[in-house]
Amino acid sequence: MSVKASYSDDATKGFLTWSIIWGLVAVLVGVLISFQLVFPQLNIPPYLSYGRLRPIHTNAAIFGWGIGSFMAMFYYITQRLTKCPIWSPGLARFQLWLFNLVIILAAVSLAMGYTQSKEYAELEWPIDILVVILWVIFALNIFMTIMKRKEEQMYVSLWYIIATLVGVAVLYLVNSAAIPVSLFKSYSAYAGANDANVQWWYGHNAVAMVLTTPPLAIFYYLLPKITGVPIYSHRMGIIAFWSLIFMYLWTGAHHLLWTPVPDWVQTLAMGFSILLIAPSWASVFNGYFSMNGQWHQMRDNYLVKFLVFGITFYGLQTLQGPSQAIRTFSAFIHYTDWVPGHVHMGALGWVSLVLFAGVYYLIPRIYETELYSVKLANAHFWLAVSGQLIYSISMWIAGIQQATMLNATNADGSLHYTFMESLAEMYPYWHMRAGGGVIYLVSLLIFIYNILKTVNSGSSGSQTVRATGAV
Amino acid sequence: MLDLLEKKPVILLLLSALVIMIGTAVTMIAPFTWINDPSLKIAGVKPYTPLQLEGRDIYVREGCNNCHTQTVRPLVADVARYAPGSTDGYSKVGEFVYDQPHLWGSRRTGPDLARIGGKYPDAWHYKHMADPQSMVPKSNMPGYAFMRQPLDSSLTERKMKALGFPYTPAELEAVKGKTEMDALVAYLQKLGNDIPWRKAAAAAPLVGELKNPYTDNASALNEGKLLVSQNCAQCHGEELKGGIGPALTSLARPEGEIFSTIFKGRGGMPAFGDTLGREKVWKIVTYLGSRTGKK
Ligand code: HEM
Ligand code: HEM
Ligand SMILES: [Fe+2]
């Protein structure tokens with residue numbers, strides 16, 4: 001009891017609040033750009049046109065919603081797993097402040113057109129410097145807490161957390177290297193095919209170190225807590241960990257198949273992408289086997305539903321991903337709408353479902369109360385999953401159709417369809433995707449309403465530890 | 001062994017950094033040596049001029065790369081569509097040595113632009129950039145009419161220096177007073193134009209018999225008309241009375257020559273052979289023939 005009372009959850013509260021706000025912004029912008037693709041007159045040049053808004057969408061989603069909630073949950077989880085309060089609560093509060101500054105600067109500067117243009121690393125160099133400071137503070141605080149830990153054994157979640165801290169730092173520093181011209185303009189330090197190869201070494205491993213290892217850390221922590229049974233195999237978790245972080249780094253060039261990047265780099269990427277199925281599915285099986293004898297909880301416990309669907313989408317994602325890394329299939333679907341279908345199954349189905357579970361789990365505990373409405377949480381769940389499936393499935397069909405049309409040839413070897421003929425066929429699917437996005441947005445509003453009601457019914461935290469809230 | 005690590009955070013940290021660096025060393029660091037191989041240089045590829053560089057920066061600023069790629073893959077359909085008339089017009093390492101950053105992109109919401117230089121006359125780009133739907137009604141590309149504003153040239157020289165590109169005072173002077181659109185079009189017209197693919201494509205003779213299979217075939221007229229309104233009206237006018245391209249209402253040349261112009265392109269007239277194919281081009285020729293002389 002005494003240890004628990006000394007945990008500091010202020011930073012977690014702040015990060016949760018802000019990550020949800022940025023998540024809402026990301027989805028609003030996502031819905032807006034979906035509609036812009038159908039009704040180009042919705043572009044409001046110069047600041048709110050598609051080319052500038054799309055990076056705002058991805059940055060708000062990955063960094064605002066994704067990283068923001070990881071920071072919240074890493075602080076929470078690390079304290080519980082080390083049985084040790086956070087190393088410096090003051091630094092964590094400063095970090096929250098800096099985090100929001102970075103996200104606001106990112107949104108404003110991208111709308112102004114200040115961009116390095118590399119996907120998921122668009123921010124100009126002064127903001128990059130703030131990001132580095134932010135990350136160092138975060139990494140230091142988490143790592144020092146681990147160093148001071150009262151629990152000698154480090155649970156597998158902490159492994160994934162440590163890998164995330166190192167991985168993101170290396171990737172971001174190398175890829176963002178630039179030659180500044182002014183405060184608002186710089187040029188990449190690398191040129192042409194080198195730049196592309198560095199970029200996708202980064203871009204792909206951002207998927208590894210931001211959209212895979214952090215949700216896994218949270219998944220491994222939450223599943224036993226929520227189901228009340230331990231994880232099936234700690235050992236399997238550890239073997240999967242080492243092979244995952246080893247293999248991921250070889251596969252960046254699967255984003256560059258058929259480009260001028262050297263063939264052997266592409267071939268390695270293709271091979272390692274297929275090998276990646278093993279460590280990815282080790283985590284999926286670890287989750288499934290832990291559920292042995294517990295499947296009834298899918299009905300009784302809404303949080304289990306979020307986690308099991310989440311890990312299932314992760315499993316599907318890590319089968320679909322390797323298939324896209326095969327040259328022949330890539331030749332077909334690369335550059336088409338198939339890829340946003342893949343992206344959003346991972347982003348909405350895997351990452352966001354696990355994060356929702358995390359928020360639902362944490363909020364009642366740090367505010368010492370009960371969730372306002374499990375019914376609304378269920379409504380949120382089904383609407384979110386429906387919106388996501390409408391999005392992904394319509395994009396897969398669209399991608400296949402577009403690929404078929406763009407590759408169709410006549411007897412004399414000429415092309416059967418012009419580019420515009422293929423584009424015209426995309427509109428119905430783009431309408432459907434926008435519809436899926438609106439459903440998803442509604443689900444998110446329900447989620448936010450539920451969380452707000454919960455927080456308002458709770459205590460502000462630090463005073464008394466109520467029996468119900470203690471876990 | 002692995003279990004031991006569970007109690008040693010510092011070693012775990014260092015070891016995971018090491019594990020990450022193995023794949024990094026092989027697939028990110030080593031390829032520099034292959035890509036920088038001097039034998040991959042292409043002689044004709046020159047650095048950007050001050051005006052082209054400003055245009056490229058506008059392309060980056062507007063995030064055109066969120067919808068457009070700049071790499072033609074060595075695949076039949078890619079080459080036919082984006083490097084028409086050639087067989088090996090796909091992208092090579094040497095084309096990109098001055099691209100900081102690269103602009104290959106990851107999504108083709110719009111067509112690839114690696115070979116856009118010289119495909120259209122400047123006038124087409126000015127009209128298209130300002131209002132894409134006026135040229136291509138079903139396009140979902142945003143309009144950029146605001147780019148008619150003056151170009152900010154205060155950083156041009158520093159930019160050229162930062163990249164180590166050669167420039168003359170006259171070139172710097174030439175940037176002054178230009179609009180953003182001027183710069184962007186200058187950049188677009190450079191893309192893919194300093195490599196030999198187009199010349200090779202234009203020099204290749206048309207093989208096969210140049211005989212219209214649809215002569216006196218009235219059923220080809222309707223399709224020909226539709227094809228013309230979809231592909232040609234943007235430049236030759238809805239009534240074919242001229243616009244960016246000349247009027248096509250009084251063509252007095254043999255059908256084979258007209259076919260060849262449409263098939264292979266000429267001057268500011270794009271090639272349609274690979275994107276439409278012989279049959280459709282002949283239908284267009286038949287339709288144009290039926291229009292000749294009509295007002
Ligand atoms: C349901 C709400 C959402 C909608 C309607 C939406 C819509 C879109 C659209 C229209 C694009 C551009 C696709 C294209 O280039 O053709 C996009 C890209 C992207 N979105 Fe979303 N999005 C949503 C939620 C999210 C979330 C929550 C995340 C991340 C956690 C996310 C991550 C991304 C990423 C990474 C891309 C870039 C994909 C690529 O380069 O292929 N999105 N989104
Ligand atoms: C074994 C695991 C995975 C493999 C081998 C894999 C493979 C791939 C491949 C080959 C592409 C490129 C598609 C193309 O452009 O043609 C891609 C794109 C992408 N994947 Fe995955 N994927 C995996 C897991 C994931 C996961 C878990 C996520 C989490 C959300 C994810 C997110 C993305 C994103 C955001 C992109 C778009 C990048 C861009 O073009 O901007 N992937 N993936
Ligand atoms: Fe990838």
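Residues numbered from 1 in each chain as written. Chains lettered and ligands numbered in written order. Predicted model: local features only at pLDDT ≥ 70, side-chain atom pairs only at ≥ 80, totals over all residues. Heavy atoms only, no water.

1. Topic: the packing of helix α2 (residues 10–38) of chain A against helix α3 (residues 50–82) of chain A
All names here are of chain A.
Here comes step 1: Two elements in contact, α2 and α3, have axes whose closest approach is 8 Å; the angle formed by their N-to-C orientations is 155 degrees. One element, α2, and the other, α3, form an angle in the roughly antiparallel class. Along this stretch, α2 crosses α3, giving a crossing that reads as left-handed.
Here comes step 2: Residue composition of the contact of α2 with α3, grouped by class: 20 nonpolar, nine polar and one charged. (Axes fitted to C-alpha atoms, helices over the stretch in contact; angles between N-to-C directions. Helix = DSSP H or I, 4+ residues; strand = E, 2+ residues; numbered from the N terminus. Parallel < 35°, antiparallel > 145°, perpendicular 65-115°, else oblique. Left-handed = near helix turned anticlockwise from the far one by under 90°. Nonpolar A, V, L, I, M, F, W, Y, C, P; charged D, E, K, R; others polar.)

2. Concerning the coordination of the iron ion (ligand 3)
All names here are of chain A.
Here comes step 1: Protein-derived coordination of the iron ion (ligand 3) comes from H204 (ND1), H254 (NE2) and H255 (NE2), at a distance range of 2.0 to 2.2 Å.
Here comes step 2: All donor residues of the iron ion (ligand 3) come from one chain, and their arrangement in sequence is H-x49-H-H.
Here comes step 3: The distance between the iron ion (ligand 3) and the iron atom of ligand 2 comes to 4.2 Å.
Here comes step 4: Owing to a relative accessible area of 14%, H254 belongs among the buried residues under this scheme.
Here comes step 5: For H255, a relative accessible area of 26% gives the class partly exposed. (Donors = N, O, S within 2.8 Å, 3.2 Å for Na, K, Ca; no water. Buried < 20%, exposed > 50% of the residue type's maximum accessible area, 1.4 Å probe, protein only.)

3. Some points on the site of ligand 2
Here comes step 1: Around ligand 2, a shell composed of 26 residues is seen, among which E119, Y120, G321, H334 and H342 of chain A lie nearest.
Here comes step 2: Of the chains in the model, those with residues near ligand 2 are chains A and B.
Here comes step 3: A distance of 2.5 Å separates an oxygen atom of ligand 2 from a polar side-chain atom of H334 of chain A.
Here comes step 4: S106 of chain B places a side-chain nitrogen or oxygen 3.4 Å from an oxygen atom of ligand 2.
Here comes step 5: Put simply, the parts of the chain that give the shell around ligand 2 at least two residues each are α7 (192–209), α13 (302–324) and α15 (338–366) of chain A.
Here comes step 6: Looking at the shell around ligand 2 residue by residue, the class counts come to 12 nonpolar, 13 polar and one charged. (Near = heavy atom within 4 Å. Polar contact = N/O pair within 3.5 Å; in protein donor to acceptor, adjacent residues only side chain to side chain.)

4. Section: the packing of aromatic side chains
Here comes step 1: Counted according to the given criterion, the structure contains 53 aromatic pairs over all chains.
Here comes step 2: When the centroid spacing of 5.5 Å and the interplanar angle of 40 degrees are considered together, the rings of W65 of chain A and F356 of chain A count as tilted. Of the two residues, W65 of chain A sits in helix α3 while F356 of chain A sits in helix α15, which places them 291 residues apart along the sequence. A single burial state applies to W65 of chain A and to F356 of chain A, both of which are buried.
Here comes step 3: Aromatic side chains W264 of chain A and W34 of chain B sit 4.8 Å apart centroid to centroid with 65 degrees between the ring planes, which places their arrangement in the edge-to-face category. Residue W264 of chain A is found in helix α10 (residues 263–275), and its partner W34 of chain B is found in helix α3 (residues 31–35); the two belong to separate chains.
Here comes step 4: When its relative accessible area of 27% is taken as the criterion, W264 of chain A is described as partly exposed.
Here comes step 5: The exposure class of W34 of chain B is partly exposed, given its relative accessible area of 45%.
Here comes step 6: One Lys or Arg, R80 of chain A, reaches over the ring of Y76 of chain A and ends 3.7 Å from the middle of that ring. (Phe/Tyr/Trp six-rings, centres within 6.5 Å; stacked < 30°, edge-to-face > 60°. Lys NZ or Arg CZ within 6 Å of the ring centre and 35° of its normal.)

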